[in-house]
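# Per-entry structural report
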Amino acid sequence: NAGVTQTPKFQVLKTGQSMTLQCAQDMNHEYMSWYRQDPGMGLRLIHYSVGAGITDQGEVPNGYNVSRSTTEDFPLRLLSAAPSQTSVYFCASSYQNPSLRGYTFGSGTRLTVV
Amino acid sequence: EDKVVQSPLSLVVHEGDTVTLNCSYEVTNFRSLLWYKQEKKAPTFLFMLTSSGIEKKSGRLSSILDKKELFSILNITATQTGDSAIYLCAPGSGGGADGLTFGKGTHLIIQP
């Protein structure tokens, strides 16, 4: 099993550009989430999904869109990149509510917006 | 609003020392408390605690939960340089968002 796969691992964007961070899992997990991690800030939830076709906002959703057309994939779209979105992004998945099983995390995408 | 406070935020000790990391929380509909270790990349799961007073152990690491006082501790004995990492605690709740709220983490550095 590959687990949770994130691509790309590194990305540099110019202000105003758009891009999609990819996340795929092969564990048939229903729950998937996107977090961003900034120095001294821990993990902050951007968006999450409890199953295909269902998404909701987390703590810091502004500037990001998600969709969940299949159980396996949960891409994160940056609509118009801003320097404040420079961060490390983690995708995570869980078989059921993560308060019961915890999350499996991807290896992260380091994004720099210049 | 759910709140998670980890202390200390950073800690530097020498190999062989014992460390105690703290996590206090306020969440609605509490279900569990999870501990993760994060080295250079993704957080990896350490423990999930659901009952007060029952210690969970894995080698030199152990953790315990106090649901009355709303805190958990993570102990690491006979520390090694490989224990250097950020340790994250995350209480899980049955209500709101995706069920986990992460603290800011404790950055632990073990010096040889």
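These numbers come from a predicted model, not from an experiment.

Each value, and the rule that gives it
Residues numbered from 1 in each chain as written. Chains lettered and ligands numbered in written order. Predicted model: local features only at pLDDT ≥ 70, side-chain atom pairs only at ≥ 80, totals over all residues. Heavy atoms only, no water. Helix = DSSP H or I, 4+ residues; strand = E, 2+ residues; numbered from the N terminus. Contact = heavy atoms within 4.5 Å. Areas by Shrake-Rupley, 256 points an atom, 1.4 Å probe, with all protein chains shown as cover. Lys, Arg positive; Asp, Glu negative; His and termini not counted. Charge placed at Lys NZ, Arg CZ, Asp CG, Glu CD. Core = buried A, V, L, I, M, F, W, Y, C linked by side-chain atoms within 4.5 Å. Buried < 20%, exposed > 50% of the residue type's maximum accessible area, 1.4 Å probe, protein only. Buried area = accessible area lost by both parts, 1.4 Å probe. Salt bridge = Lys/Arg side-chain N within 4 Å of Asp/Glu carboxyl O. Polar contact = N/O pair within 3.5 Å; in protein donor to acceptor, adjacent residues only side chain to side chain. Nonpolar A, V, L, I, M, F, W, Y, C, P; charged D, E, K, R; others polar. Pairing = 2+ DSSP bridges. Axes fitted to C-alpha atoms, helices over the stretch in contact; angles between N-to-C directions.

### What about the overall build of chain A?
For chain A, the count of helices and strands is one helix and eleven strands. The contacts of chain A with a sequence gap of at least 6 include a subset with a gap of at least 24, amounting to 53%. Accessible area for chain A stands at about 5100 Å²; split by element, carbon and sulfur atoms hold 49% of it. The centroid of the 8 positive side-chain charges in chain A is displaced by 9 Å from the centroid of its 7 negative side-chain charges.

### Some thoughts on the nonpolar core
Residues B:Leu33, B:Trp35, B:Tyr87 and B:Leu108 are the most contacted members of the largest nonpolar core, which totals 20 residues. For this core, the elements supplying multiple residues, two or more each, are β3 (19–26), β4 (30–38), β5 (43–49), β7 (61–66), β8 (71–76), β9 (85–93) and β10 (106–111) of chain B. The biggest single contributor to this core is β3(B), with four residues. Ignoring sequence-local partners within four residues, the contact set of B:Leu33 consists of B:Cys23, B:Tyr25, B:Phe47, B:Met48, B:Leu49, B:Leu65, B:Ser72, B:Cys89, B:Ala90 and B:Pro91. Among the nonpolar cores identified, the runner-up in size contains 19 residues, and A:Val4, A:Val60, A:Leu76 and A:Leu111 belong to it.

### Side note on unusual backbone geometry
All names here are of chain A. The omega torsion of the bond from threonine 7 to proline 8 falls at -5 degrees, within 30 degrees of zero and hence cis. Among the secondary structure elements, proline 8 is positioned in the loop between β1 (4–7) and β2 (10–13). One non-glycine residue, asparagine 28, lies in the positive phi region at around 60 degrees. Of note, asparagine 28 is situated in the loop between β3 (19–25) and β4 (31–37).

### Comments concerning the interface of chain A and chain B
The interface of chain A with chain B comprises 20 residues on the first partner and 19 residues on the second. Roughly 1600 Å² is buried in total at the junction of chain A and chain B, and carbon and sulfur atoms are behind 59% of that figure. At the junction of chain A with chain B, the criterion picks out zero salt bridges. At the junction of chain A and chain B, the tally comes to four residue pairs in polar contact (both at pLDDT 80 or more). Secondary structure elements with two or more residues in the side of chain A that touches chain B: β4, β5 (43–51) and α1 (98–101) of chain A. Tallying contributions element by element places α1(A) first for the side of chain A that touches chain B, with four residues. Of the residues belonging to the side of chain A that touches chain B, the class tally is ten nonpolar, nine polar and one charged.

### What about the environment of B:Leu100?
In this fold, B:Leu100 is placed in the loop between β9 and β10. What makes B:Leu100 buried here is its relative accessible area of 5%. A sequence separation of 39 residues divides B:Leu100 from B:Leu61, and the C-alpha atoms of the two residues are 22 Å apart. Once you skip the residues sitting within four places of it in the chain, B:Leu100 turns out to touch A:Tyr35, A:Pro98, A:Ser99, A:Tyr103, B:Leu34, B:Ala90, B:Pro91 and B:Gly92.

### Details of the sheet that holds strand β7 (residues 64–66) of chain A
All names here are of chain A. An order of β1-β3-β8-β7 is seen for the four strands of this open sheet, with the pairing classed as antiparallel. For this open sheet the edge positions go to β1 and β7, each flanked by a neighbour on one side alone. For this sheet, the mean angle separating the axes of adjacent strands, direction not counted, is 20 degrees. Where β7 meets strand β8 (residues 76–78), three bridges bridge the pair, whose relative direction is antiparallel. For tyrosine 64, the partnering residue across the bridge sits in β8 and is leucine 78.

These values are about where atoms sit, not about what they do.
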